[in-house]
Amino acid sequence: MEYESALEALQLHYNEIQSTHMRDLFAQDEHRFDRFSLEFDGLLLDYSKNRINEDTLSLLTGLARAAQVENWRDAMFSGKKINFTEDRAVLHAALRAEDNESVEVDGQDVGPDVHAVLDHMTEFSEQVRSGKWTGYTGRASTDIVNIGIGGSDLGPKMVCEALQPYQPDGLNLHFVSNVDGTQIEGILEGLDPSTTLFIIVSKTFTTQETITNANTARHWFLEQAQSEEQVKKHFVAVSTNRKLVEDFGISTDNMFGFWDWVGGRYSLWSAVGLSIMLAIGPGQYRQLLAGARAMDEHFRTQPLAENMPVILALIGFWYRQFYQTGSHAVLPYDYLLKHLPAYLQQADMESNGKSTDREGNRVDYLTASVLWGDSGINGQHSFYQLLHQGTQLVPIDFIASINTHSQLKQHHNIMISNVLAQGEALMLGRNEAETRQILAQRHDNHETIELLLPHMIFEGNRPSNTLLLDAITPYRLGMLIAMYEHKIFVEGILWNINSYDQWGVELGKQLAGQILPQLSAEQPITDHDQSTNGLINHYRQHLEKQSHSN
Ligand code: F6P
C-alpha cells in the first residue's frame, strides 16, 4: 500500500510538472547542474537535463524505498535466490568481489571457485599470449574465434572492441554468433587452422546457433588437421555442461566453468570473458573487474539520492510510467563503444521485457521500453531528426570520454562539441521568436519566413543524461557496465518483476525445432496456422526450384 500511495503522489506531481519546460527549470536555478549531477571515480553523470525537480527526485526515491529496493539489493548481494522462477541466486557481483569476500549460495562460499576459475583463465591466457600454447603444427595462436550468442557473445565482443587500444598486435579476435553461414564462412576464409584457437562459449552447450557454428568450425579444422586428437589444441570451452563439452572432443582441462547463478547477459565477468582476458591480458581484465567492483560498492553503500544506478533507474521509470515513452536511446560518442547499445539491448530488454509480476499477475502498467542506439555522431546524420522534432519523446543517454586513445585530438574535440550541442539543443529547443529572428537574417520575403517558420521551430524539452568518462579504460568500462546492470536491477524491482529469467525466448526456439525438419519435407505442411504453413510451403517450393536451376 505504501508503494501505491507513493505512486499516487508521483501521479499528482506529474500532473503539475508535466508541461514545465526545462528551460524554465534551468532559469529558476543557477545551481541546477550541481544539484543534478554526480561524480564518482572518473565518471560524471549529468542528469540535470531531465524533466524533474527536487520534488520529483524525492518522490521517486520514496517510491524506491516503498518498493524495498535496498532490501532487494542486499538480498541479491548476499546470494538469496531472487531469481525465483529458476530457483537461482543472482551473483554476477560475486565474480568481481575481492579474494577475501565471502558470498554463500546454499551454504557454500562461492569465492574459492570463482578465484580458481580466474586463475585457470589467467594461466591459459598467459600461455596463449606468450606463444607457449601451440597448435598441431607447433605454431602459436594468431587468431582467436569466440563462438557464442546472446550473453556468450555480446558482452565479450563489446568489451574487446571497446578496449582495442589495450590489445597487442599479432593476436586477432573474431566473434561468430549468427547461424547464417555467411558469417562463419567469411571469418574462416581468412584464417589458418594451424594458428586458430576457438573458444566455444555456451552456458548450456545446447544452443542451436552456437553448436552448429562450433561443429562447422570443427569440421573446417579437421579438414586440415586430419586428427581428432588435435581438436584439444584448438578448441576450448566455456560452459556449465561438462558432459557435452567432453562429447565435443574438448579436454575438460581446457574447459572453463561457471555457475547457474551467473545469468547469460551478466556473464562477461565469468569465464565467458575469456576472450577479453586473451585480448587485453589478465592484469587489465582484473582492472575491468575492479571497476565493476567499485560500482558495486557505490551501489551498495550510497544513499538512493546519490547513487548513480538508482538515479538512472528512477529517471527511466519516471519517463516510462508517466510520460509513457516507447523507447530509450543510448548514444555513445566514442567509436570504441559502438557495440554498447547492442549489448545493453540484451541486458535491458531480456531482463525487464516482462508482463508478469512476482506474484504471477499480468501487470497493468508499462515495463521496459525498447532500448536502441548507435554511434551518436553518425546518428546525427540519420535518426536525430526524429529525436529533435518527431512526435515521440525519447529519453537519451549520451556517453562520451574526455580523453581519447586516438592521436587525432582535434577529431575528438569535434566529437565532444557535438555531443554537448545535442544535449543542449534537445533541452532548449528553439522557440518561435528565436526561429523568426534567424529566418529574418536569412530571408527578406515575409511569405517565405511564414512558410518556413513552423517547420524550423524546435519544441525542446527533450530529456537526456550525459555520462562523461575520464577515458575508456578497463576500469572505467567495468564501472559503466556494472552501473547499467544495477540500473536494470532497480527498474525491475520498481516494476515488481523478476529481471533474471527469460522465458520469453523459449517458444520461438521450440517452434523452430518443429519447423526445421519440415523445411525439407516431401509433403506440403498443414499443421501450423495458415500463414506459417503458407510460408513454409513457399520456402520448400522455391528451394526446390533453386536447387533444380542450379
Ligand atoms: O536465448 C537466449 C539466451 O538463453 C540468452 O539468455 C543467452 O545469453 C543466450 O541465449 C546464449 O545461451 P548459452 O550461453 O546457453 O548458449
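Our structure's up above, just so we're on the same page.
Here the structure is a predicted model, which is why all the values come from computation and not from measurement.

Thresholds, definitions, all that
- Residues numbered from 1 in each chain as written.
- Predicted model: local features only at pLDDT ≥ 70, side-chain atom pairs only at ≥ 80, totals over all residues.
- Heavy atoms only, no water.
- Core = buried A, V, L, I, M, F, W, Y, C linked by side-chain atoms within 4.5 Å.
- Buried < 20%, exposed > 50% of the residue type's maximum accessible area, 1.4 Å probe, protein only.
- Helix = DSSP H or I, 4+ residues; strand = E, 2+ residues; numbered from the N terminus.
- Contact = heavy atoms within 4.5 Å.
- Near = heavy atom within 4 Å.
- Polar contact = N/O pair within 3.5 Å; in protein donor to acceptor, adjacent residues only side chain to side chain.
- Areas by Shrake-Rupley, 256 points an atom, 1.4 Å probe, with all protein chains shown as cover.
- Nonpolar A, V, L, I, M, F, W, Y, C, P; charged D, E, K, R; others polar.
- Phe/Tyr/Trp six-rings, centres within 6.5 Å; stacked < 30°, edge-to-face > 60°.
- Salt bridge = Lys/Arg side-chain N within 4 Å of Asp/Glu carboxyl O.
- Expected span 1.5 Å × (residues − 1).

(A) View of the nonpolar core. With 121 residues, the main nonpolar core has Trp261, Trp318 and Leu480 as its most contacted residues. Per-element tally for this core: the top contributor is helix α21 (residues 474-494), with 13 residues. For Trp261, the residues in contact, after removing those within four places along its chain, are Ala89, Val90, Leu91, His92, Ala94, Leu95, Val105, Val110 and Val114. Listed in part, the 24 residues of the second largest apolar core include Leu191, Phe198, Phe221 and Ala237.

(B) A look at the site of the ligand. Near the ligand there are 14 residues, and of these Gly151, Ser202, Thr204, Thr207 and Glu350 occur at the shortest range. With respect to the ligand, the backbone of Lys203 contributes an N or O atom lying 2.8 Å from an oxygen atom. Residue Thr204 places a side-chain N or O atom 2.7 Å away from an oxygen atom belonging to the ligand. The fraction of the free accessible surface of the ligand (400 Å²) that becomes covered by protein chains is 87%. Its residues placed into classes, the shell around the ligand shows two nonpolar, nine polar and three charged.

(C) Fine view of the packing of aromatic side chains. According to the stated counting rule, one finds 23 aromatic pairs in the structure shown. With a centroid separation of 5.3 Å and an interplanar angle of 55°, the aromatic rings of Phe124 and Phe256 are classed as tilted. You can see Phe124 sitting in helix α6 (residues 111-130) and its partner Phe256 sitting in strand β9 (residues 255-257), a full 132 residues away along the chain. The class for Phe124 is buried, based on a relative accessible area of 4%. Here the aromatic rings of Phe317 and Trp495 are separated by 6.3 Å at their centres, their planes lie at 40°, and the arrangement is tilted. In this pair, Phe317 sits in helix α14 (residues 308-323) while Trp495 sits in the loop between α21 and α22 (506-518), placing the two residues 178 residues apart along the sequence. What makes Phe317 buried here is its relative accessible area of 1%. Ring-pair connections join several aromatic residues into one group, and the members of that group are Tyr136, Phe198, Phe205, Trp220, Phe221, Phe235 and Phe248.

(D) Just the side chain of Ser499, in detail. Mapping Ser499 onto the fold places it in the loop between α21 and α22. What Ser499 contacts, discounting residues up to four positions off in sequence, is Arg265, Tyr266, Ser351, Asn352, Lys354, Ile488 and Gly492.

(E) Layout of the pattern of salt bridges. If you walk through the whole model with that rule in mind, you get 27 salt bridges. Between Arg35 and Glu54 there is a salt bridge whose closest N-O contact spans 3.7 Å. Separated by 19 residues along the polypeptide, Arg35 in helix α3 (residues 32-35) and Glu54 in helix α4 (residues 54-66) bring together distant segments of the chain. On the basis of relative accessibility, which here comes to 36%, the residue Arg35 falls in the partly exposed class. What makes Glu54 partly exposed here is its relative accessible area of 45%. With a shortest N-O distance of 2.7 Å, Lys243 and Asp247 are connected by a salt bridge. Taken together, the positions of Lys243 and Asp247, both in helix α11 (residues 242-248) and four residues apart, correspond to about one turn of that helix.

(F) Structural detail: α6. Taking 1.5 Å of rise per residue, the 20 residues of α6 would be expected to cover 28 Å, and the 28 Å separating its terminal C-alpha atoms lies within 8% of that figure. Three or more residues of α6 are buried, namely Gly111, Val114, His115, Val117, Leu118, Met121, Thr122, Phe124, Ser125 and Val128. Just downstream of α6, Gly131 is the residue with a positive phi angle, here 85°.

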